[in-house]
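Listed here are the chains, written in short residue letters.
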Amino acid sequence: MDAAPPLGPARRSVLVAGTATAALTACPWAAAAAVPAGEVPAAVPAGRAAGAGAAAGALPLRGDRDTQGDILAGSRKDHACLLLLHFRGAALARRWLGRLLPEISTTEEMARFNAAFSAARVKSGGTDPASLSALWTSFSLTHSGLRLLAGRDPFPALPAGGTAEAFTQGAARRAEALGDTGAGAPDSWLFGAEEPGRAVHAVLGLAADEPGRLAEAVARHRDAVRAVGGTVVFRQDGATLTGALRGHEHFGFADGISQPGVRGFDEPDPAGATTVLGKPGTRIVPAGEFLVGQEKVGQRPAGLPAWATGGSFQVVRRLAQDVPGWWEQAGERLAELKKGGVAPPEATPTWLAARLVGRWPGGTPIAGCPAAEKPGPPGRDPDADLTYGDDPQGWRTPLFAHIRKGNPRDGLVTVPGRPPLGAAELDGRRIIRRGIPYGPAYDPAAPQGAAGGADTPRGLLFIGYQADLVQQFEFVAKRWINDVDFPPGRNPRVGADPVLGPDSPVAFETPSDSGGRATTLTFARFVRTEGALYAFTPSLTTLRRLADGRLDASIEVHPGTVLRSGDVLDAGDARLAFGSDGDLVLLDRDGGRPWRADTAGAGRDAFFSRDGELSVRDDAARTVWSSGTAGHPGARLLVRPEGDVVIVDGDRVLWRAPGGHPE
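One structure accompanies this document, and this report is about it. (Residues numbered from 1 in each chain as written. Predicted model: local features only at pLDDT ≥ 70, side-chain atom pairs only at ≥ 80, totals over all residues. Heavy atoms only, no water.)

Looking now at the packing of aromatic side chains. Counted by the stated rule, this structure contains 23 aromatic pairs. Considering the side-chain rings of Phe-87 and Trp-96, the 5.2 Å spacing of their centres and the 50 degrees angle between planes classify their relative orientation as tilted. When its relative accessible area of 5% is taken as the criterion, Phe-87 is described as buried. Classification of Trp-96 as buried rests on a relative accessible area of 3%. Judged by centre distance (6.2 Å) and plane angle (90 degrees), the rings of Phe-253 and Trp-326 are edge-to-face. (Phe/Tyr/Trp six-rings, centres within 6.5 Å; stacked < 30°, edge-to-face > 60°. Buried < 20%, exposed > 50% of the residue type's maximum accessible area, 1.4 Å probe, protein only.)

Further remarks concern the environment of His-250. As for its position among the elements, His-250 is in the loop between β4 (231–239) and β5 (261–262). On the basis of relative accessible area, His-250 is assigned to the buried category, the value being 4%. For the pair formed by His-250 and Asp-322, sequence separation is 72 residues and the distance between their alpha carbons is 8.8 Å. Polar contacts involving the side chain of His-250 include one to the main-chain carbonyl oxygen of Gly-439, which spans 3.4 Å. (Helix = DSSP H or I, 4+ residues; strand = E, 2+ residues; numbered from the N terminus. Polar contact = N/O pair within 3.5 Å; in protein donor to acceptor, adjacent residues only side chain to side chain.)

What follows is about unusual backbone geometry. A cis amide bond links Phe-486 with the next residue in sequence, Pro-487, at an omega value of -10 degrees. As for its position among the elements, Pro-487 is in the loop between α10 (469–481) and β11 (504–510). Cis rather than trans, the peptide bond between Asn-491 and Pro-492 has omega equal to 0 degrees. Position of Pro-492 among the secondary structure elements: in the loop between α10 and β11. Unusually for a residue other than glycine, Arg-76 sits at a positive phi of about 55 degrees. Summarising the element assignment, Arg-76 is placed in the loop between α1 (69–72) and β1 (79–86). The backbone phi angle of Gln-299 is positive, close to 55 degrees, even though this residue is not glycine. Within the secondary structure layout, Gln-299 lies in the loop between β7 (279–285) and β8 (312–321). Relative accessible area serves as the criterion here: at 25%, Gln-299 is assigned to the partly exposed category.

Encoded structure:
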């Protein structure tokens with residue numbers, strides 16, 4: 001299922017420190033790289049230098065030693081474990097966190113290792129290098145966990161409808177809106193809906209190549225948590241499936257194929273720069289959609305506190321899969337199609353299942369090979385030629401297909417009869433997906449109660465990263481996956497995603513002599529939510545401060561951000577707003593205006609440059625007011641709960657409102 005990929009090929013390294021909430025991205029076409037046994041590739045120089053295979057500065061995020069590695073690089077391990085933790089007291093929890101910090105994996109070390117592994121695998125003709133293995137460690141916090149460690153609420157204000165509100169409420173309170181009802185409702189969850197006295201505070205992710213090494217790490221961390229009075233509320237293990245199902249999820253489909261490219265991390269194709277080099281079907285998305293503090297689509301403000309900079313919101317979901325039930329349903333619906341003359345007589349349940357997913361089991365999109373799977377050559381992007389733009393009716397890739405519902409690409413028609421939206425217009429909805437199967441593969445010959453039997457727990461541990469829970473994960477789940485009227489305005493309605501969505505009729509559309517024909521099929525749900533969490537994966541800088549009991553709740557305006565009419569950055573006692581009249585103003589809690597730029601009638605927007613200057617621009621992009629702080633790359637613009645707005649360079653205040661004068 002493209003919505004939640006499992007791990008890729010086995011990884012071997014001698015790296016010890018590391019991150020991995022889940023190992024991931026299993027793609028049969030994955031490449032690989034070489035380092036002598038017992039050695040680790042030479043470290044990239046300190047700072048945000050480029051990672052392996054890129055010129056210095058060309059891909060700055062590959063050299064990032066402050067962000068956790070699983071967000072952008074991906075841990076890609078065969079064995080993983082999540083320990084969901086509860087702490088009784090803040091002081092001991094902070095002390096434990098301080099000791100954990102050196103083990104947390106960074107983007108730089110994980111990207112460097114993955115590049116070395118890929119190069120070695122290519123050199124060996126596709127064989128995993130036995131000399132390389134790694135143990136990765138990651139750490140995330142729920143809202144209650146952040147509040148415990150900081151000793152205060154992490155948000156100075158809580159704007160309604162935004163990601164801060166979603167994170168604060170948590171997955172259980174938002175479950176019904178996301179379709180987690182009935183057997184998948186929170187009252188049946190294994191984690192995520194605990195009483196406050198056992199609420200999950202933190203997610204400790206561990207991933208490794210060898211199960212013994214992982215087991216040793218799990219035991220060590222479990223004992224360390226208990227030593228400070230903490231509790232392991234739940235333990236979730238996962239492992240790549242073996243044999244013919246390697247790189248697949250439990251329904252039998254290759255997973256983790258379609259991930260977004262990330263600007264500043266993935267190398268762009270020189271021919272166009274909008275897609276990843278070697279993956280012409282993969283768009284490069286602004287990094288701020290996944291990592292707070294980087295530039296977002298449309299240069300929009302994140303509106304989040306400074307502690308969030310360098311981190312990402314994490315969604316954790318345990319998705320149980322009823323494998324025999326799902327395949328039995330596919331066979332029953334196929335019989336209906338054959339009876340109606342819609343499916344060819346020789347079609348098998350796999351033929352229909354491929355249309356439900358949008359891919360054949362090996363990963364090839366059905367858009368280019370509707371009759372049977374035709375795997376491409378090793379190393380070729382399976383989505384290189386994937387397009388929905390020439391298939392607005394869904395005759396080749398059904399409009400309800402799982403991969404099309406979750407990522408409409410260039411084929412989203414919002415008004416029937418009109419051209420589809422450009423693919424770039426959907427960049428702000430993408431999610432980086434990490435995941436791994438749990439439980440043994442289904443064996444039809446296994447008796448009841450035996451490993452591999454129908455009643456054995458199995459499914460997918462889904463982990464997703466995004467900078468905005470509401471506009472990314474929740475939007476895709478509610479407005480696309482679960483919505484029976486998406487794409488909108490069609491008669492009959494398209495129906496929900498038959499892989500992840502709720503019980504729903506779907507319109508199976510095919511061409512006919514009269515133009516088109518829709519056959520209604522009804523699909524029941526065979527994927528059930530058994531636990532869910534909203535967490536945040538902070539930067540190492542933020543974790544160090546939390547270990548000291550500190551948390552900067554100032555709202556940060558990141559370089560490259562544009563404020564437009566109606567934008568309000570709320571820090572409680574101070575709100576920075578760009579009004580409809582074109583004026584940039586500071587508002588206090590009572591609505592007073594202790595400072596304004598006096599640009600009413602002239603200002604079009606406000607811009608905070610990478611050179612450290614805040615300015616208001618008119619319709620001709622001319623500066624009509626500025627802070628006068630240019631020449632300070634790396635400066636930060638903060639709306640502080642104390643009631644003012646400052647531009648700082650390190651500890652030095654360059655500009656402050658009200659007053660607008662350096663201190």
